[in-house]
Structure formats: C-alpha cells, structure tokens
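# Coordinate analysis (summary)
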Amino acid sequence: MATIKRYPWLRHFLGSPTGAVIHLKAGRVAHHGIGQAFWFRPGTSVLSEVPVDDQELPVLFHATTRDHQDVTVQVNVTYRFADPAVVSQRLDFGIDPDTGAATTTGRDQVATIIGQLAQSHAIDHLAAVPLTTALEQGVSQVRAQLVGALGADARLASTGIEVLGVHVLAVRPEGDVERALQTPLREHVQAEADRSTYERRALAVERERTISENELASQIELATRRERLVAQEGANLRREAEETAAAALVEARAAAERRDLTSAAQAEEIRRLGEANNATFRTVMDVYEGMDRSTILAVAMRDLAGALPKIGSLTITPDLLSGALAAFTGAGVAGGPATGSATAGRGA
C-alpha cells in the first residue's frame, strides 16, 4: 500500500512493491510504474494504484441440475491485473491525493465481473447434467468449463484481467438430499463395520476356542501322563511286593529246609543216641544177666549213692540199719537166694 506524506502545498508519494501507480496531471500521465516515488500537488493530480500481485476471489452460488435439484457450487478464482494502465482506465482504483486512502470500488467491480462470468458458465453446464453426474464429475467438469470460458472471455482481456487458475472446491446438494444420498453409503459402511465387528468377535471366539482346546488337550495329556505314572508306580509297587514276597518265600523255604535239616539231624542224633543207649543198656543187661542178686543190689546201691545229693554227715543208728537190713533181708527171703547175701552183707 502506498504512503503519502503531507507538506504545505505539496505531497510526497511512496509506492509499494506490489502496486502500480498511475499519476495523471492535467489529464496526462506524469508517473507510471511499480515502486514510484515522486512529489505532486494534490489540487492538480489524480492517483490510481492497481495491485500487480496475484488475487484470490472466492465465489459461492447455487445452480439447478437437469433433474431440478439444487446444488451449491464453491469456486476459487486466481487472477492478476496484466495491464495496470488499462485497468485504471476501466475500473476505479483511485487514491485520495490528500490522505492516501484507497477506494474499494475497483475490487468490488472485479469480484462482480468474475463472479457473474463463473456463475453463468457453471449454471449452464450443470443445467445439462443430472444430479448424480454433477456430484460425481461436477468438480472436474465445472473446473474445465470455467478455465476455458474465463481464459477466453473478451471482457476480461479488454479490462486487463488475466485469469491464472480456477479451483472448484465443492459441488454439494441440499442437506436432506445429501443425507439421502449418503444413506446407502452409510448403511454399506455400517454393514462393513458390523461385518468387521462380527468377524473380529468370531475370530476372538475361535481363538478362545483354540485356547480352550489347547488347555483341554494339555489337561488330557497331563491326565494321561498322570495315569501312566500311577500305573507305573502301581506296577513298581506290585513288582516290589512280588519281589519281596518271592524273597520272603525263598527265605521261608530256606528256613524250612534248614529246620527240616536240623530236625532230621537232631532226629538222627537222637536215634543214634537211642541206639547207643539201647546198645549200652543191652550190654549192661547182658552183664547183669550173669550176676547174682547181691551183686546187682550192690551195683544199684552204688548207682543210688551216686545219684543222691551230697551228705556232709550221716548217722546210722542200729534201728535204722536193722530196719534197712530187715527190708533187704525180707526182699531177699521173698526172692529166695537173698538170705545168704544179706547175711554176708551183715557179716561184712
């Protein structure tokens, strides 16, 4: 934006790098160009500043399709002033020489011209296509239509305006129509979301089932191993008991055999002792058989004396001796030859 400094009877103009100034003095061009700096008298000068940088113009309008549906079109047009001198003659970009305030009339005129041209060509194009085509291909088709129409427009060229680009941002129907058109897609998206949810749940259930089956298989495997372990332990205990019983049986048989052998040996020993005793007894009997009674009695008394307990002192009275002799004598008398033996004994 230009800067104007005030001095008595004079003003100093300092231009900007994005604005072209046209200084008319008495109807003739005194200064023209970008970034100008000069002195002028406000009473005899007319100043115009035309921007030379790229300008952006948003355009919003409504159109009707072939099937009588209202759509909203949002367009953005990029342009510039190719010939500032011509623009200053066709449009109002004047500056107050005293204060430097710029008017907005020129910009409003450009917005009206470009907006009407864009709206006219877009409406003509959309009126020939149905709503579905306008929504599906309207953005590209309208952009191509506007680029060709605005670039070849004679009024813009004669005004010194060059259209650099056209961007169609949106072609949208009314709210209720848009919602109705979005319903199938929303239903499809919701169905896909539900399907994904169901598939995710099914996958989760399948994974849980797999985990449960794995846990059950692990439990079955552990139970099988435990069964094998119990069976093996039982077999080991049974084998151990059998081995212990077999060892005890062998030991019992050995003990029984030892007892049998011992009993047989003892019986044999007793038999031998009995036979020896019998032989001895028969021998003694054979010896006694040839002896007389008194001799046998004497031997018996000797054996009896050997069997009696030890006697420290023995007192034999005549009565005791007489009774004993009488007993022996009576026995001898009863037997016959014992009388002579008793007498012999007494005399002894």
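For the structure itself, consult the block above.
Residues numbered from 1 in each chain as written. Predicted model: local features only at pLDDT ≥ 70, side-chain atom pairs only at ≥ 80, totals over all residues. Heavy atoms only, no water.

### Details of the packing of aromatic side chains
The tally for this structure, following the rule as stated, stands at 5 aromatic pairs. Centre to centre, the rings of Y7 and W39 are 5.2 Å apart; their planes meet at 50°, and the pair counts as tilted. Of the two residues, Y7 sits in strand β1 (residues 3-7) while W39 sits in strand β5 (residues 37-40), which places them 32 residues apart along the sequence. For the ring pair F13 and F38, a centre distance of 5.0 Å and an interplane angle of 25° mean the geometry is stacked. On the criterion of sequence distance, the pair formed by F13 in strand β2 (residues 10-14) and F38 in strand β5 is long-range, its members being 25 residues apart. We note that F13, like F38, is buried. Through a chain of ring-to-ring contacts, the aromatic side chains of F13, F38 and F40 assemble into a single cluster. (Phe/Tyr/Trp six-rings, centres within 6.5 Å; stacked < 30°, edge-to-face > 60°. Helix = DSSP H or I, 4+ residues; strand = E, 2+ residues; numbered from the N terminus. Buried < 20%, exposed > 50% of the residue type's maximum accessible area, 1.4 Å probe, protein only.)

### Description of helix α2 (residues 105-126)
Helix length check: α2, at 22 residues, gives a terminal C-alpha distance of 31 Å against a target of 32 Å (1.5 Å per residue), a fit within 8%. All of the buried residues along α2 are G106, V110, I113, I114, G115, L117, A118, A122, H125 and L126. The inward-facing, buried residues of α2 contact β7 (55-64), β8 (70-81), α3 (131-151), α4 (154-159) and β10 (161-173). (Expected span 1.5 Å × (residues − 1). Contact = heavy atoms within 4.5 Å.)

### Here we look at the sheet that holds β1
Read from one edge of the open sheet, 3 strands run β1-β2-β5, paired in antiparallel fashion. Taken across any chain shown, the strands that pair with only one partner, and hence form the sheet edges, are β1 and β5. Each adjacent strand pair in this sheet contributes to an overall mean axis angle of 20°, direction not counted. Pairing between β1 and β2: 5 bridges, direction antiparallel. Within the sheet, the bridge partner assigned to T3 lies in β2 and is L14. (Pairing = 2+ DSSP bridges. Axes fitted to C-alpha atoms, helices over the stretch in contact; angles between N-to-C directions.)

### What to know about the nonpolar core
V75 and F81 are the most contacted members of the largest nonpolar core, which totals 35 residues. Contributions of two or more residues to this core are made by β7, β8, α2, α3 and β10. No other element matches the 7 residues that α2 contributes to this core. (Core = buried A, V, L, I, M, F, W, Y, C linked by side-chain atoms within 4.5 Å.)

### Considering the side chain of H23
Looking at where H23 falls in the secondary structure, it is placed in strand β3 (residues 19-25). Exposure remark for H23: the relative accessible area of 2% places this residue in the buried category. The contact partners of H23, leaving out residues within four places of it in the chain, are R28, V29, A30, H31, F38, F40, S45, V46 and L47.

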